[in-house]
Amino acid sequence: MVDSVLTNLLLNFLFIIVGLLAFALYYDFTKKTPSKGIVIFLSTITILLCVLFSHELTAGVYVDLRRIPFFLASLYFGPIVSFVLMIVIILLRYMFIGSGLIHLVILNYFITFLILAAFSKGFLRAKKKVKMLFTVVICFSMTVFNLVFGYVYEAEISRDEYIYLVLIPLAATIISVMIAEMIRKLMMMRRTLSQHEKLQVVSQLAASISHEVRNPLTSSKGFLQLMREEKDEKMKKQFIDLSLKGIDQATHVIEDYLTFTNSTPDKIERINVKHSIVDLIEMVKPLAQHVSFSYYLIDDIYVDGQSHSFRKCIGNIIKNAIESMPQGGELSVEMMEDENLVIAITDTGLGMTKEQIQRFGEPFFTTKNEGTGLGVMAANIIVHSMKGNIQVKSELNRGTTVYIELHKSLKIEAG
Ligand code: ADP
Ligand code: MG
């Protein structure tokens with residue numbers, strides 16, 4: 001008999017812990033605080049299990065922990081949840097235990113509901129110790145209520161049995177509130193942590209933008225100042241050109257960063273891959289005399305996307321390849337075709353260490369003094385928006401190949 005009371009109480013406690021765990025897991029998976037509906041659902045299941053494993057001490061006196069999920073849900077989620085669960089508890093009590101003394105149960109839970117509703121706002125703001133004290137007082141008063149009426153109705157309860165009726169529920173309540181508080185704290189910590197991360201990204205982004213924009217603008221300013229003192233018309237014109245160049249460069253930088261915030265998708269075009277790549281290479285060739293270029297490109301292959309983004313993506317990868325060969329080397333661009341299209345951009349430059357390969361594409365990861373660490377990330381975003389992917393193979397001091405895999409645009413049959 002004693003064993004089975006204890007077993008049932010422990011089982012009850014297990015259900016409550018599993019319920020709390022389910023709550024935490026829900027948050028973990030969805031990153032959202034469960035809605036009131038889900039809280040009611042989880043609590044109802046927990047309460048149902050507690051009622052099913054309720055133990056009848058003597059005629060009409062039942063021990064279980066069904067009030068704990070009711071407490072927790074009421075205090076953390078407010079009066080609406082509390083009211084629904086009160087109805088649930090009364091109904092379940094009626095269905096599974098019977099109508100004996102049901103009026104007392106209704107009275108007991110209704111009074112508790114009123115108290116919990118009155119205090120639920122203040123509860124959330126209270127310190128942990130106050131919370132614990134409050135739940136203990138409520139739990140204890142509910143028990144006293146039961147005992148008084150048990151006494152009035154002459155239920156026979158032995159002294160040992162008070163342990164089950166009073167002490168164990170009290171201890172279980174304290175532990176449950178502690179676990180609930182722990183979960184709440186973890187949830188809050190995680191929220192502030194991700195906010196902190198976002199803030200860090202924003203401030204890094206702001207720093208690198210201002211750095212890249214300020215440099216060309218400062219040089220423009222310098223040339224404009226020189227122009228003011230310059231008498232020679234020819235020189236004046238040259239200064240104007242140079243300052244315009246600085247402004248242009250700053251504009252480019254800003255445009256580049258807009259890749260990250262560009263949420264309005266432009267019109268999707270069919271891009272001729274070979275033409276885009278040849279254009280790009282012809283454009284950068286004069287700027288990288290120390291590098292020899294070779295390419296193997298296939299005619300008439302198209303991909304769907306935004307032409308300027310696609311060029312930007314390939315351009316970023318080619319720029320990195322050139323920058324990895326300060327002493328010169330070979331850069332080759334190759335197209336391979338099967339079901340998908342793969343563009344391989346290979347250099348014979350510095351290469352990367354294992355750690356660098358792992359961080360390839362991470363925002364702000366750069367090994368260059370003047371680097372932004374945003375080029376690969378931008379390329380990645382663009383390729384992903386085209387439903388493709390980027391992979392990299394690299395060996396330190398030997399070179400790097402970046403593979404860009406893309407879906408081919410379906411050919412439009414003539415006629
Ligand atoms: P940035 O070029 O401004 O440094 P990226 O995002 O374009 O930023 O590149 C990030 C980092 O990845 C580079 O600093 C470099 O360390 C590494 N990386 C990228 N491409 C290559 C390459 N072809 N060879 C060697 N290292 C590369
Ligand atoms: Mg780069």
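Each remark here, short or long, concerns the structure printed above.
Thresholds, definitions, all that
Residues numbered from 1 in each chain as written. Chains lettered and ligands numbered in written order. Predicted model: local features only at pLDDT ≥ 70, side-chain atom pairs only at ≥ 80, totals over all residues. Heavy atoms only, no water. Helix = DSSP H or I, 4+ residues; strand = E, 2+ residues; numbered from the N terminus. Expected span 1.5 Å × (residues − 1). Buried < 20%, exposed > 50% of the residue type's maximum accessible area, 1.4 Å probe, protein only. Contact = heavy atoms within 4.5 Å. Pairing = 2+ DSSP bridges. Axes fitted to C-alpha atoms, helices over the stretch in contact; angles between N-to-C directions. Core = buried A, V, L, I, M, F, W, Y, C linked by side-chain atoms within 4.5 Å. Near = heavy atom within 4 Å. Polar contact = N/O pair within 3.5 Å; in protein donor to acceptor, adjacent residues only side chain to side chain. Areas by Shrake-Rupley, 256 points an atom, 1.4 Å probe, with all protein chains shown as cover. Nonpolar A, V, L, I, M, F, W, Y, C, P; charged D, E, K, R; others polar. Left-handed = near helix turned anticlockwise from the far one by under 90°.

Engineer: Mind laying out helix α6 (residues 128-152), listing which residues take part and the relevant values?
Structural biologist: Here α6 contains 25 residues, and its C-alpha end-to-end distance of 36 Å stays within 8% of the 36 Å for a straight helix at 1.5 Å per residue. Every buried residue of α6 is accounted for by Lys131, Met132, Phe134, Thr135, Ile138, Cys139, Met142, Thr143, Phe145, Leu147 and Gly150. Against α3 (67-77), α5 (102-125) and α7 (159-229) lie the buried residues of α6. A positive phi of about 60° marks glutamate 154, the residue just after α6.

Engineer: Which residues make up the pairing of strand β5 (residues 302-305), and what values do they have?
Structural biologist: Here β5 shows a buried face lined by Val303 and Gly305 and an unburied face lined by Tyr302 and Asp304. Pairing of strand β3 (residues 269-272) with β5, which is carried by four bridges, proceeds in the antiparallel orientation. Note that in β5 the partner of arginine 270 across the bridge is aspartate 304.

Engineer: Can you break down the sheet that holds strand β6 (residues 329-337) residue by residue, with the values?
Structural biologist: On the basis of which strands lie adjacent, the open sheet formed by five strands has the order β4-β6-β7-β9-β8 and mixed pairing. Each having just a single partner strand, β4 (291-296) and β8 (389-395) make up the two edges of the open sheet. Averaged over all pairs of adjacent strands, the angle between strand axes in this sheet comes to 15°, irrespective of strand direction. Strand direction decides the pairing type here: β4 and β6, joined by six bridges, are parallel. Across the sheet, serine 294 pairs through a bridge with serine 332, a residue of β6.

Engineer: Could you give an account of the nonpolar core, naming the residues involved and the relevant values?
Structural biologist: In terms of nonpolar packing, the biggest core is built from 54 residues, with Phe70 and Leu165 touching the most fellow members. Of all the secondary-structure elements, those providing two or more residues to this core are α1 (2-30), α2 (36-52), β2 (61-63), α3, α4 (79-96), α5, α6 and α7. With nine residues, α7 is the single largest residue contributor to this core. Of all hydrophobic cores here, the second largest spans 33 residues; its members include Ile301, Met325, Leu341 and Val383.

Engineer: Give me the lowdown on the site of ligand 1, citing residues and values where you can.
Structural biologist: With respect to spatial proximity, 19 residues lie near ligand 1, and among them Asn320, Thr366, Thr367, Lys368 and Thr372 are the closest. With respect to ligand 1, the backbone of glycine 373 contributes an N or O atom lying 3.1 Å from an oxygen atom. Separating an oxygen atom of ligand 1 from a backbone N or O atom of glycine 375 is a distance of 3.1 Å. Across the complex, the protein chains shield 93% of the 540 Å² of accessible surface that ligand 1 would expose by itself. Of all the secondary-structure elements, those providing two or more residues to the shell around ligand 1 are α10 (307-323) and α12 (375-385). In terms of residues, the shell around ligand 1 owes the most to one element, α10, which gives three residues. By residue class, the composition of the shell around ligand 1 is six nonpolar, ten polar and three charged.

Engineer: Can you explain the packing of α3 against α7? Please cite residues and give values.
Structural biologist: Two elements in contact, α3 and α7, have axes whose closest approach is 10 Å; the angle formed by their N-to-C orientations is 40°. Considering only the axes of α3 and α7, their crossing is right-handed. In this structure, α3 contributes Ile68, Phe71, Leu72 and Tyr76 to the contact, and α7 contributes Pro169, Ala172, Thr173, Ser176, Val177, Ala180, Glu181 and Arg184. Residue classes in the contact of α3 with α7 are distributed as eight nonpolar, two polar and two charged.

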